[in-house]
Amino acid sequence: GGYAGISVSDERVYTMDRQVEPGETERVICCQAGTGRILWTHSYPVSYGKLEYGSGPRAAPTVHRGRVYTLGALGDLFCLDARTGHQLFRCSLQKRFAGRLPTWGYAASPLVIGRTVIVQPGGLNGRSVVALDARDGRSLWQSLSDKAAYATPLVIDVAGHPLLVIWTPSHVRGLDPATGKSLWAIPYKVTMGVAIASPAISGNLLLVSGYWEGTRAIRLSPDGRTARLAWSENRFLRGFMSQPLLKAGHAYMLDKQYGVSCFELATGRK
């Protein structure tokens, strides 16, 4: 069982699950795309205890340059050889960074930017978001003190410069991915910490939506170094768990009450 997404690269399919016999383990699974034949698995022991919705892992594997990066529900981060499953490095977000386990477990996929992998332990004292060397797992920087989000962060190009966007349970934040420096923050505190749907970007408008506090549109400055709230709506646009789709000035979202909804990205008009 599990909730992990599926990733595909070079005719191989990667996902995760949880086994309970003969002992409780999480597994990373690599299958041949054309046949479904299992090429390799990588297992490690876990103890979910009373973790809610404890069927299995939540985060989709991230495949990059011959490696696969995975994050289990309890914060076990692995880097494996994508062809063989051989372990290259591992760490525990809870143990190494004093990570605060979200109510429903860690769910944000590792984000690889060049030679850096970004994860969210959610630790205090500047250990909310950390960057590790994607080759060996050593720490490169640590930032913020927000709790961990369920939403996977995204990196966007703004005027030729990368910008790391993270929706935590208290803010939508923009960071410099090279240093972890906080560039801007838009308050958006959500009930029960349910920052779930990954933010979406179109032009200079960033869209974030949740099913209790509704939708926020954030306008980025031309260089991405500052941001301001463009509009907010909490009557008709309360996104469920899937990322909104943006195309040609329109946004498409699964609203918790009205189902599939279309609205103008610039104004929020349904």
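Residues numbered from 1 in each chain as written. Predicted model: local features only at pLDDT ≥ 70, side-chain atom pairs only at ≥ 80, totals over all residues. Heavy atoms only, no water.

Caption draft 1: Here's a closer look at the overall build of the protein. Looking only at helices and strands, the protein has one helix and 23 strands in total. Against the 2.2 N^0.38 benchmark of 18 Å for 270 residues, the protein shows a C-alpha radius of gyration of 18 Å, consistent with a compact globule. With the C-alpha coordinates of the protein rotated into their principal frame, the extents come out at 55 × 40 × 35 Å. Within the protein, the proportion of its 270 residues that are buried is 51%. In the protein, once contacts between residues fewer than 6 apart in sequence are set aside, the share between residues at least 24 apart is 45%. Here the protein has roughly 12300 Å² of accessible surface; of this, 52% comes from carbon and sulfur atoms. (Helix = DSSP H or I, 4+ residues; strand = E, 2+ residues; numbered from the N terminus. Rg over C-alpha atoms; globule rule 2.2 N^0.38 Å. Buried < 20%, exposed > 50% of the residue type's maximum accessible area, 1.4 Å probe, protein only. Contact = heavy atoms within 4.5 Å. Areas by Shrake-Rupley, 256 points an atom, 1.4 Å probe, with all protein chains shown as cover.)

Caption draft 2: Expanded view of empty space enclosed by the protein. If you walk through the whole model with that rule in mind, you get one cavity of 30 Å³ or more. The computed volume of the largest cavity comes to approximately 50 Å³. Around the largest cavity, the lining residues are L71, Y106, A107, A108, S109, I118, V119, Q120, A149 and P153. Here the lining of the largest cavity is composed, by residue class, of eight nonpolar, two polar and no charged. (1 Å grid on protein atoms, 1.4 Å probe; cavity = no way out; pocket = protein on both sides within 12 Å on 5 of 7 lines; lining within 4 Å. Points joined across faces, edges and corners; volume = space filled by probe spheres on them. Nonpolar A, V, L, I, M, F, W, Y, C, P; charged D, E, K, R; others polar.)

Caption draft 3: Structural context of the sheet that holds strand 4 (residues 38–45). Spatially, four strands are ordered 1-2-3-4 in an open sheet, and the strand pairing comes out antiparallel. Every interior strand has two partners, whereas the edge strands, strand 1 (7–9) and strand 4, have only one. When strand polarity is set aside, the average angle formed by the axes of neighbouring strands in this sheet is 25°. (Pairing = 2+ DSSP bridges. Axes fitted to C-alpha atoms, helices over the stretch in contact; angles between N-to-C directions.)

Caption draft 4: Just the state of the cysteines, in detail. A full pass over the atoms with the stated rule returns zero disulfides. Distance from the sulfur of C31, which forms no disulfide, to the nearest cysteine sulfur (C30) is 6.7 Å. (Disulfide = S-S within 2.5 Å.)

Caption draft 5: Layout of the sheet that holds strand 9 (residues 111–113). Spatial strand order, 9-10-11-12: four strands in an open sheet with antiparallel pairing. Among the strands making up the open sheet, the edge pair consists of strand 9 and strand 12 (139–143). With direction set aside, neighbouring strand axes in the sheet form an average angle of 20°.

Caption draft 6: Structural view of the pattern of salt bridges. The full count for this structure, using the stated rule, is eight salt bridges. For D76, the salt bridge is made with R90, and the minimal N-O distance between the two is 3.7 Å. Placement of D76 in strand 7 (residues 76–81) and of R90 in strand 8 (residues 87–92) is noted, with a sequence separation of 14 residues between them. Since its relative accessible area comes to 12%, D76 is described here as buried. Residue class for R90 comes out partly exposed when judged on its relative accessible area of 43%. Note that D146 is salt-bridged to R173, the shortest N-O span being 2.6 Å. Of this pair, D146 sits in the loop between strand 12 and strand 13 (154–158) while R173 is found in strand 15 (residues 171–175), placing the two residues 27 residues apart along the sequence. Classification of D146 by relative accessible area gives buried; the value is 10%. (Salt bridge = Lys/Arg side-chain N within 4 Å of Asp/Glu carboxyl O.)

Caption draft 7: Looking closely at the environment of Q142. Relative to the helices and strands, Q142 is located in strand 12. For Q142, a relative accessible area of 38% gives the class partly exposed. The spatial distance from the C-alpha of Q142 to the C-alpha of D76 is 18 Å, given a sequence separation of 66 residues. If near-sequence neighbours (up to four positions away) are discounted, Q142 is found in contact with F97, G126, R127, V129 and V130.

Caption draft 8: Structural view of unusual backbone geometry. A cis geometry characterises the amide bond from E21 onward to P22, with omega recorded as 0°. Considering the arrangement of structural elements, one finds P22 in the loop between strand 2 (12–19) and strand 3 (25–32). The phi angle at M192 is positive, at roughly 60°, despite the residue not being glycine. Assignment of secondary structure puts M192 in the loop between strand 16 (182–187) and strand 17 (200–202). The phi dihedral of A248 is positive, around 50°, even though this residue is not glycine. The residue A248 is located in the loop between strand 21 (245–247) and strand 22 (250–255) in this model.

Caption draft 9: Inspection of the nonpolar core at higher detail. With 19 residues, the main nonpolar core has I156, L163, V165, W167, V172, W184 and L220 as its most contacted residues. Elements represented by at least two residues in this core include exactly strand 13, strand 14 (161–167), strand 16, strand 18 (205–210) and strand 19 (214–220). Among residues more than four places away in sequence, those in contact with I156 are H161, P162, L163, V165, I201 and L220. (Core = buried A, V, L, I, M, F, W, Y, C linked by side-chain atoms within 4.5 Å.)

By themselves these figures say nothing about function.
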